[in-house]
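The lines below spell out each chain.
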Amino acid sequence: MAARVSPNEPRSTIYTEAMEVFHRAADLIGLDRRVRMELEEPDYEHIFYVTVKLHTRLTPLAQDADKYKDLPDSELLPDGLEPLLDGSFVFKRRALIGANVAMRDGVLRLKGKGLYKVVPGRPERFKAYRVQHNQARGPYKGGIRFHQDVSLDLFKVLAAEMTWKTAIADVPFGGGKGGIKVDPKSLSSEELEALTLRYMYRLKPLIGPDLDIPAPDVGTDGTIMGLLLRQYTDGERERHKLRGVVTGKDTRIGGSEGRVKATGQGLAYCIQEWFADRGTTPAGSTFVLQGFGNVGSNAAEILGGLGAKLLAVNDAFGTIFNPTGIDVNDLVSYVYENPRNMRRTVAGYPKAQQISKSDLFDVDCDICVPAALGGEITGPVAERLKCKLVAEGANGPTTPEGDRVLAKRGIELIPDIIGNAGGVTVSYYEWIQNKRMEHWSETEVNGRLEQAIKSNYRIIRDIARNTPRRTATHNSSRYAIGKEVDMRTAAMVLALKRIEAHYQLEGFSQ
Ligand code: NAD
């Protein structure tokens, strides 16, 4: 008979797992019980559905090739066929202009490409989310993720992380997160636009520039933010006042200079500070990277500029390694400037060896930078790492078991909530600039960001070492707890003390 879980036993989920550090820090500082309850679960969990009409597709036909061997070639206007990653094409009506089509049983042969089945367009339903975790310190703030593996539990984890991160970055926001369960690469650009607009159509009553402010995350970017902005402000009399409803926009429509690079830049500032604490700099150090998207590629470029050497990179499609170092700028061109590299992957990069994903973790280096998805540095992976520092660019890349192994092996950690706080910090600068109708230079943005990230990093380090102090750039005297703790717990202590102050000094609304 299958074992039954007692209904009273709390179910272990990625959310309960992610909240372990919250409970540890809350116990350590004796967090007020009611504040703890307020923070333990989100304020709101919104789940809704969006429908979109998908276009007709031509999908490759693997079987029955013999049956159609006499089918002549069809010629369609290439401009009307949008290639997708799975090898199919989205068919647009303009493909028929001047076309020559021979079809049997809904099958046609594309010149030079093979046989394709015509799959008629149809409406499709997608599950969408927005979790609003806490707003004690300001409007909810957090990214929009378009990915096939999302869930309510995942968005709860990520929304709570934003509450801690905005407190640590000391920006006047709370935490939120949301998105759509969809593989954006399976849609045409027009379908993705329609899905994005429909998502905002449903989301509009729940958000606003002083209520909840989305930003890019995995699978979304400045283009998607522009569409969200348009849909939110469409038909509004005072549209210009609403620009701050999303951050991470293109700089030409109210985005901030330095925002695209901000998360990677913030991580690089933390790494610089880690070296400075040891009386040295990143120059001459080596690093490996997981994820070569926004965070990973920008962090790599900046670290490369500081003289650090990239030895290996893993992404969703492959892993590359070069013991003498990978030229980051050249890799960026290979991934982002080559139109044939549709998957935007490092796989196949000719100036490095192709290795397996698990081999990445065996590369001897100074720094390991996880900048892809969560849960990648598990206990067994942490056992294998041959680095001195894990600098977390991704959200939640290390599991609690991974944390324990890293601590046991003396591998140091820059936790995600400070490591990738650069993005939300510059999002705050974008939001202020939108409110003031200003546009700051990249030098001004980076100057403020460096000061903010490094001083908050120093406060966390002082909490971890129990060395409270007040210097010209930071003051940790209010936060140290009278004993040493690990960096992740220290970061959470800082977040909780800053959030708790709002409940203590402002009280609870009834
Ligand atoms: P992105 O979509 O630009 O890039 C993601 C990268 O991860 C890609 O290179 C992809 O190939 C790789 N990847 C995906 N699945 C993988 C897998 N299973 N194994 C290995 N690699 C895989 O996303 P991004 O904006 O760079 O975000 C990366 C991480 O950083 C996420 O955890 C995100 O939540 C976090 N983050 C991003 C920002 C930001 O400003 N973009 C801010 C804070 C945190």
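Procedures and definitions
- Residues numbered from 1 in each chain as written.
- Predicted model: local features only at pLDDT ≥ 70, side-chain atom pairs only at ≥ 80, totals over all residues.
- Heavy atoms only, no water.
- Pairing = 2+ DSSP bridges.
- Helix = DSSP H or I, 4+ residues; strand = E, 2+ residues; numbered from the N terminus.
- Axes fitted to C-alpha atoms, helices over the stretch in contact; angles between N-to-C directions.
- Near = heavy atom within 4 Å.
- Polar contact = N/O pair within 3.5 Å; in protein donor to acceptor, adjacent residues only side chain to side chain.
- Nonpolar A, V, L, I, M, F, W, Y, C, P; charged D, E, K, R; others polar.
- Buried < 20%, exposed > 50% of the residue type's maximum accessible area, 1.4 Å probe, protein only.
- Arc of directions from axis to C-beta.
- Phe/Tyr/Trp six-rings, centres within 6.5 Å; stacked < 30°, edge-to-face > 60°.
- Lys NZ or Arg CZ within 6 Å of the ring centre and 35° of its normal.
- Core = buried A, V, L, I, M, F, W, Y, C linked by side-chain atoms within 4.5 Å.
- Expected span 1.5 Å × (residues − 1).

The strand order across the open sheet formed by 5 strands is 1-9-11-10-12, and the pairing between neighbours is mixed. Looking along the sheet, the strands with just one partner apiece sit at the ends: strand 1 (44-54) and strand 12 (212-216). For this sheet, the mean inter-axis angle between neighbouring strands, taken without regard to orientation, is 25°. Note that strand 10 (residues 140-147) and strand 12 share 5 bridges and pair parallel. Across the sheet, isoleucine 144 pairs through a bridge with proline 216, a residue of strand 12.

Hydrogen bonds between backbone atoms are what pair the strands of a sheet, whose relative direction is either parallel or antiparallel. Pairing is mixed in the open sheet, where 7 strands are placed in the order 16-15-14-13-17-18-19. Edge strands, defined here as strands with exactly one partner in the open sheet, are strand 16 (353-355) and strand 19 (412-414). If you compare each strand with its neighbour and ignore which way they point, the axes differ by 20° on average. Alignment of strand 14 (residues 309-315) against strand 15 (residues 318-326), held across 5 bridges, turns out to be antiparallel. Opposite leucine 310, over in strand 15, you have isoleucine 326 as the bridge partner.

Pairing analysis gives 11 bridges linking strand 1 to strand 9 (residues 122-134), with the strands arranged antiparallel. Each bridged residue has a counterpart across the sheet, and for valine 52 the counterpart in strand 9 is glutamate 124.

Bringing the site of the ligand into the picture now. Around the ligand, a shell composed of 23 residues is seen, among which Asp217, Thr263, Val295, Ala372 and Asn395 lie nearest. Phenylalanine 292 is positioned such that a nitrogen or oxygen atom in its backbone is 2.9 Å from an oxygen atom of the ligand. A distance of 2.9 Å separates an oxygen atom of the ligand from a polar atom in the backbone of valine 295. When its residues are assigned to classes, the shell around the ligand shows 8 nonpolar, 10 polar and 5 charged.

To continue, consider helix 9 (residues 328-336). All of the buried residues in helix 9 are Val328, Leu331, Val332, Tyr334 and Val335. Viewed end-on, helix 9 has its buried residues packed into an arc of 165°, placing them on one side of the element.

Moving on to the packing of aromatic side chains. Considering all chains together, one arrives at 14 aromatic pairs under this definition. Between the aromatic rings of tyrosine 129 and phenylalanine 155, the centroid separation amounts to 5.1 Å while the plane-to-plane angle is 45°, which identifies the pairing as tilted. You can see tyrosine 129 sitting in strand 9 and its partner phenylalanine 155 sitting in helix 4 (residues 152-168), a full 26 residues away along the chain. What makes tyrosine 129 buried here is its relative accessible area of 3%. For the ring pair phenylalanine 173 and tyrosine 428, a centre distance of 5.8 Å and an interplane angle of 85° mean the geometry is edge-to-face. Pair noted here: phenylalanine 173 is in the loop between helix 4 and strand 11 (175-181) and tyrosine 428 is in helix 14 (residues 422-436), with a separation of 255 residues, a long-range link. With respect to class, phenylalanine 173 is no different from tyrosine 428; both count as buried. One aromatic cluster is present, formed by Phe173, Tyr428, Tyr429, Trp431 and Trp440 through successive ring pairs. Residue placement shows arginine 34 over the ring face of phenylalanine 508; its charged tip is 3.9 Å from the ring centre. Looking at lysine 204, its charged tip hangs above the ring of tyrosine 232, at a distance of 5.2 Å from the centre.

Generally speaking, a soluble globular protein has its nonpolar side chains buried in company with each other. Ranked by size, the top nonpolar core spans 87 residues in total, and within it Trp164, Phe292, Val313, Leu331, Ile414 and Leu496 carry the most contacts. The biggest single contributor to this core is helix 16 (residues 487-506), with 10 residues. Ranked by size, the runner-up nonpolar core spans 25 residues in total, among them Leu54, Phe146, Leu203 and Met225.

Turning next to unusual backbone geometry. The backbone of aspartate 105 shows a phi angle near 50°, a positive value even though the residue is not glycine. Position of aspartate 105 relative to the elements: it lies in the loop between strand 6 (103-104) and strand 7 (107-110). Judged by its relative accessible area of 46%, aspartate 105 falls in the partly exposed class.

Right, let's get into helix 15 (residues 442-465). Between its terminal C-alpha atoms helix 15 stretches 34 Å, which fits the 34 Å expected from 24 residues at 1.5 Å a residue. Where helix 15 terminates, the next one or two residues include asparagine 466, which has phi positive at roughly 55°.

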